[in-house]
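Coordinate analysis (summary)
Next come the chains, spelled out residue by residue.
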Amino acid sequence: TSGSGSESTHFAVVYKGIKKYSVAHESLLPDYVILDPELTYSLSPYQTAVSGIDAFCQAIESFWSISSTELSRKKSLESIGLIINSLKESVQRPTKSSRYKMCKASNLAGQAINYTKTTAPHAFSYPITKLLHIPHGHAVALTMPYFFELHAKLKSDILREPRGMVFFKERMIELMNIMNISSYINIKPFFFKFMNSIGLETKIPIKETDTTILNKIYKNINLERLENNPIRIDEKIAKDILKEIL
């Protein structure tokens, strides 16, 4: 699908009820991978979008993860650059070139998270997908603009990045530069425009009361993924972000 990058990781997934758990073992990582973009030619525009945006979010999250390395960040940046330049075309007017670039970008994002794992947007996505039946990549993208802005406006009292504030600010500047985002006030507009360009809604249409579904999602956030996040996410921050997308 040019999205999960699972061929590049030593992870597998198990669900118990609506809670998602990761299984990790080196034997799950293949010795060789064949990437054949022709296998993605039959994807619908929506499936192309939700798969591609998953890879995009993986690359971003890997870049700011507390476990990032110089090598993982290099792979993340290459993936982000390819996706920004290829995903819209793959959705709207797919070509052999755009399909190939998305296939490569997904693989690179997978390689990156194999080192670092994912962070807050993925932690929130699992209950959103399970409870509201929103495809995984779309569910991840819904909270990404808000977490990205929160990271860019970081306050030192909630920092958990062990390499310190200066290091983390430099990483956020790198991310914003590759996306041509000049200020934190442009972060949400960038993501909303990007999502709209590939046909993804930026809000969740729900039938249950906001409070009911908000509490259900909050209680089932994946804490393992949340621990990789460079800033601490408390209940207030979590529920404020969920209110933005409901």
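Rules used in this analysis
- Residues numbered from 1 in each chain as written.
- Predicted model: local features only at pLDDT ≥ 70, side-chain atom pairs only at ≥ 80, totals over all residues.
- Heavy atoms only, no water.
- Helix = DSSP H or I, 4+ residues; strand = E, 2+ residues; numbered from the N terminus.
- Rg over C-alpha atoms; globule rule 2.2 N^0.38 Å.
- Buried < 20%, exposed > 50% of the residue type's maximum accessible area, 1.4 Å probe, protein only.
- Contact = heavy atoms within 4.5 Å.
- Pairing = 2+ DSSP bridges.
- Expected span 1.5 Å × (residues − 1).
- Salt bridge = Lys/Arg side-chain N within 4 Å of Asp/Glu carboxyl O.
- Core = buried A, V, L, I, M, F, W, Y, C linked by side-chain atoms within 4.5 Å.
- Phe/Tyr/Trp six-rings, centres within 6.5 Å; stacked < 30°, edge-to-face > 60°.
- Lys NZ or Arg CZ within 6 Å of the ring centre and 35° of its normal.

Section: the overall build of the chain
- On a plain count of helices and strands, the chain comes out with 10 helices and 2 strands.
- Relative to the globule expectation of 18 Å for 246 residues, the C-alpha radius of gyration of the chain, 17 Å, shows essentially globular dimensions.
- Seen through its C-alpha atoms, the chain measures out along the principal axes to roughly 45 × 45 × 40 Å.
- Each of the 246 residues in the chain was classed as buried or not, and the buried ones make up 51%.
- In the chain, once contacts between residues fewer than 6 apart in sequence are set aside, the share between residues at least 24 apart is 76%.

Regarding the pairing of strand β1 (residues 11-16)
- Where β1 meets strand β2 (residues 19-24), 6 bridges bridge the pair, whose relative direction is antiparallel. Looking at the pairing, Y15 lines up with K20 of β2.
- Here β1 hands over to β2 after 2 residues, with G17 in that stretch at a positive phi of 65°.

Notes on helix α3 (residues 96-116)
- With 21 residues, α3 should reach 30 Å at 1.5 Å per residue; the first-to-last C-alpha distance of 30 Å fits that figure.
- Looking one or two residues past α3, K117 carries a phi angle of roughly 65°, positive in sign.

Topic: the pattern of salt bridges
- One pass over the full model with this rule turns up 9 salt bridges.
- K117 is the partner of E224 in a salt bridge, and the nearest nitrogen-oxygen pair spans 3.5 Å. Taken as a pair, E224 in helix α9 (residues 223-226) and K117 in the loop between α3 and α4 (120-132) lie far apart in primary sequence, 107 residues in all.
- Overall, the relative accessible area of 28% leaves K117 in the partly exposed class.
- For K239, the salt bridge is made with E235, and the minimal N-O distance between the two is 2.8 Å. Pair noted here: K239 and E235 are both in helix α10 (residues 235-245), with a separation of 4 residues, about one helical turn.
- One continuous salt-bridge network, built from bridges that share partners, spans K117, E224 and R225.

Observations regarding the nonpolar core
- With 63 residues, the main nonpolar core has F56, I60, F148 and M179 as its most contacted residues.
- When residues in this core are grouped by element, the largest group, 10 residues, is from helix α1 (residues 45-64).
- Every residue in contact with F148, bar those within four places of it in the chain, is listed here: I60, W64, M172, L175, M176, M179, I187 and F191.

Some words on the packing of aromatic side chains
- For the coordinates displayed, the defined rule picks out 8 aromatic pairs.
- Between the aromatic rings of W64 and F148, the centroid separation amounts to 5.6 Å while the plane-to-plane angle is 65°, which identifies the pairing as edge-to-face. With a gap of 84 residues between them, W64 in helix α1 and F148 in helix α5 (residues 136-152) connect regions that are remote in the sequence.
- On the basis of relative accessibility, which here comes to 1%, the residue W64 falls in the buried class.
- A relative accessible area of 0% means that F148 is categorised as buried.
- Judged by centre distance (6.2 Å) and plane angle (55°), the rings of Y146 and F192 are tilted. Of the two residues, Y146 sits in helix α5 while F192 sits in helix α7 (residues 187-197), which places them 46 residues apart along the sequence.
- Cluster of aromatic residues (ring-pair linked, three or more members): F56, W64, F148, F190, F191 and F194.
- Between the NZ or CZ atom of R171 and the centre of the ring of F167, over which it lies, the distance is 4.7 Å.

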